[in-house]
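Single-letter residue listing:
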Amino acid sequence: MGKIKLSETLQFLTARLNRITGGELDFSVMIDDEEVAIGDVIRARAIVRAPEGQDRTLTCVKISLRGQVQSDGAWQEYDERAEAAQDVPLPGGHEYVIPIVIKIPHHAVLSEDGGNWRLRAQAVVDRTLDPRDEARVTVVDA
């Protein structure tokens, strides 16, 4: 029995998924500024684009901001979540843009002190497919 390299398996699975989705479903998170001060807001947008000639339904977009905050002298995980765009028709060749504005808490752990902040978004399309993307955010002192 021959061995299959992991990269070949991933290529096969990716090609299969592309056939299922129509091959061109695009999803991305675009962040306006990768450096944000404590107490300021992150401004970003999630963009979902349907392939030409393939009508889809955007079931929802799940958005999360993860990082660390300082509370009672200890670091604690910070995880805020929201959903947007429930059951929105997405005609082929069109894109849907979801603006994202999230405030960084005043007790956030700075990136230079080891606080890692991530803005993540995941689209659920036709109730099954879930492309995702994330952006790193550097939290700095005000």
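This text gives an overview of the structure that appears in the document. (Residues numbered from 1 in each chain as written. Predicted model: local features only at pLDDT ≥ 70, side-chain atom pairs only at ≥ 80, totals over all residues. Heavy atoms only, no water.)

## Focus: the sheet that holds strand β1 (residues 26–31)
Point 1. The strand order across the open sheet formed by three strands is β1-β3-β7, and the pairing between neighbours is antiparallel. One side of each edge strand has no neighbouring strand; the edge strands of this open sheet are β1 and β7 (95–103). Within this sheet the neighbouring strands show an average axis-to-axis angle of 15°, counted without direction.
Point 2. Of the pairings in the sheet, the one linking strand β3 (residues 41–49) to β7 comprises nine bridges and is antiparallel in character. Paired with Val48 across the two strands is Tyr96, which belongs to β7. (Pairing = 2+ DSSP bridges. Helix = DSSP H or I, 4+ residues; strand = E, 2+ residues; numbered from the N terminus. Axes fitted to C-alpha atoms, helices over the stretch in contact; angles between N-to-C directions.)

## Here we look at the packing of aromatic side chains
Point 1. As enumerated under the stated definition, the model contains one aromatic pair in all.
Point 2. Judged by centre distance (5.6 Å) and plane angle (50°), the ring pair of Tyr78 and Trp117 falls under tilted. Note that Tyr78 is positioned in strand β5 (residues 74–84) and Trp117 in strand β8 (residues 117–125), a separation of 39 residues in sequence. Each member of the pair, Tyr78 together with Trp117, is buried. (Phe/Tyr/Trp six-rings, centres within 6.5 Å; stacked < 30°, edge-to-face > 60°. Buried < 20%, exposed > 50% of the residue type's maximum accessible area, 1.4 Å probe, protein only.)

## Quick notes on the environment of Val29
Point 1. You can see Val29 is positioned in strand β1.
Point 2. Linking Val29 and Leu119, residues 90 residues apart in sequence, is a C-alpha distance of 8.4 Å.
Point 3. Beyond its immediate stretch of four places on either side in the chain, Val29 contacts Arg45, Ala46, Leu119, Ala121, Asp133 and Ala135. (Contact = heavy atoms within 4.5 Å.)

## A look at the pairing of β1
Point 1. Alternating positions in β1 separate cleanly, Phe27, Val29 and Ile31 being buried on one face and Asp26, Ser28 and Met30 remaining unburied on the opposite face.
Point 2. Direction of pairing for β1 relative to β3: antiparallel, over a ladder of six bridges. Paired with Phe27 across the strands is Val48, a residue of β3.

## Things to note about the environment of Pro131
Point 1. With respect to the helices and strands, the residue Pro131 is situated in the loop between β8 and β9 (132–140).
Point 2. Take Pro131: its relative accessible area is 22%, and that puts it in the partly exposed class.
Point 3. Once the C-alpha coordinates of Pro131 and Asp26 are considered, the two residues, 105 residues apart in sequence, prove to be 7.9 Å apart.
Point 4. In this view, Pro131 contacts Leu25, Phe27, Ala121, Gln122, Ala123 and Val125; residues no more than four positions away in its chain are not counted.

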